[in-house]
Amino acid sequence: MWLAATVAFVLGFIPCLIVAVRADAISTVAALNLAGVLATFALVTMTVAFQSQSFITLAVVLVPVSFVGSLAFVRYLEGQP
């Protein structure tokens, strides 16, 4: 059951990728944020499925890194004409 949830979260990357490639810059930032959330949820469900603490450590590190990456991307876009 937990692996099915993990697969569902990973499949959620497909629409994020499509939006990131085809949409405007603001939509790309939203897709990037959603991908970070989906990755975090996937890592948490993998922690429960495989009973391995290393995945939860990755999830805890991914949350601030994803947030800071999104802020950096927005900051970069501010300088673009």
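Below: a short report on this structure. Fair warning: this is a prediction, and the values are worked out from it, not measured in the lab.

Thresholds, definitions, all that
- Per-chain numbering applies: the sequence of each chain, read as written, is numbered from 1 onward.
- Local features are withheld for residues below a pLDDT of 70 in this predicted model, meaning they are given only at 70 or higher, and side-chain atom pairs are given and counted only at 80 or more; totals for whole chains, interfaces and linings count all residues.
- Side-chain numbers come from the whole structure's heavy atoms, not from hydrogens or water.
- Helix numbers and strand numbers start at the N terminus; a helix is a DSSP run of H or I with at least 4 residues, a strand a run of E with at least 2.
- Accessible area is worked out with a 1.4 Å probe on protein chains only. A residue is then buried under 20% of its type maximum, exposed over 50%, and partly exposed in between.
- Where helices are involved, their axes are fitted lines through C-alpha atoms of the stretch in contact, as for all axes, and angles between N-to-C directions lie from 0 to 180°.
- Roughly parallel covers angles under 35 degrees, roughly antiparallel covers those over 145, roughly perpendicular covers 65 to 115, and oblique covers all other angles.
- Should the near helix be turned counterclockwise from the far one by less than a right angle, the crossing is left-handed, whereas a clockwise turn marks it as right-handed.
- Residue contacts are defined here by distance: any two heavy atoms, one from each residue, within 4.5 Å place the two residues in contact.
- In this scheme, a helix's expected span is set at 1.5 Å multiplied by one less than its residue total.
- Patches were defined on residues exceeding 30% relative accessible area and lacking a salt bridge, with like-charge contacts within 9 Å and nonpolar side-chain contacts (Val, Leu, Ile, Met, Phe, Trp, Tyr) within 5 Å.
- To measure how exposed things are, a 1.4 Å probe is used in the Shrake-Rupley method; for residues, cover is taken only from the protein chains shown.
- Each salt bridge in this description consists of a side-chain nitrogen of Lys or Arg and a carboxyl oxygen of Asp or Glu lying within 4 Å of one another.

Details of the overall build of the protein
Part 1 of the argument: From N to C terminus, the protein includes 4 helices and 0 strands.
Part 2 of the argument: Overall, the protein shows an N-to-C arrangement of helices and strands of α-α-α-α.
Part 3 of the argument: Over its C-alpha atoms, taken along the principal directions, the protein stretches across nearly 50 × 25 × 10 Å.
Part 4 of the argument: Looking at the protein residue by residue over its 81 residues, the buried ones come to 25%.

With respect to the packing of helix 1 (residues 2–11) against helix 3 (residues 25–50)
Part 1 of the argument: Where helix 1 contacts helix 3, the two axes come as close as 8 Å, and the packing angle between them is 165 degrees. One way to sum up the angle between helix 1 and helix 3 is to call them roughly antiparallel. Handedness of the crossing formed by helix 1 with helix 3: left-handed. Touching Trp2, Leu3, Ala5, Thr6, Phe9 and Val10 of helix 1 are Leu38, Phe41, Ala42, Thr45, Met46, Val48, Ala49 and Phe50, all from helix 3.

Observations regarding helix 3
Part 1 of the argument: The terminal C-alpha atoms of helix 3, which comprises 26 residues, lie 37 Å apart, in line with the 38 Å expected from a rise of 1.5 Å per residue.
Part 2 of the argument: Downstream of helix 3 by a residue or two, Gln51 has a phi angle that is positive, lying close to 50 degrees.

Comments concerning unusual backbone geometry
Part 1 of the argument: The phi dihedral of Gln51 is positive, around 50 degrees, even though this residue is not glycine.
Part 2 of the argument: Looking at the element boundaries, Gln51 is found in the loop between helix 3 and helix 4 (53–78).

What to know about a nonpolar patch on the surface
Part 1 of the argument: Judged by side-chain polarity, Val7, Leu11, Ile14 and Ile18 come together as a nonpolar surface patch covering roughly 370 Å² of accessible area.
Part 2 of the argument: Residue assignment for the nonpolar patch shows that the elements contributing at least two residues are helix 1 and helix 2 (13–22).
Part 3 of the argument: Its place among the elements puts Leu11 in helix 1.

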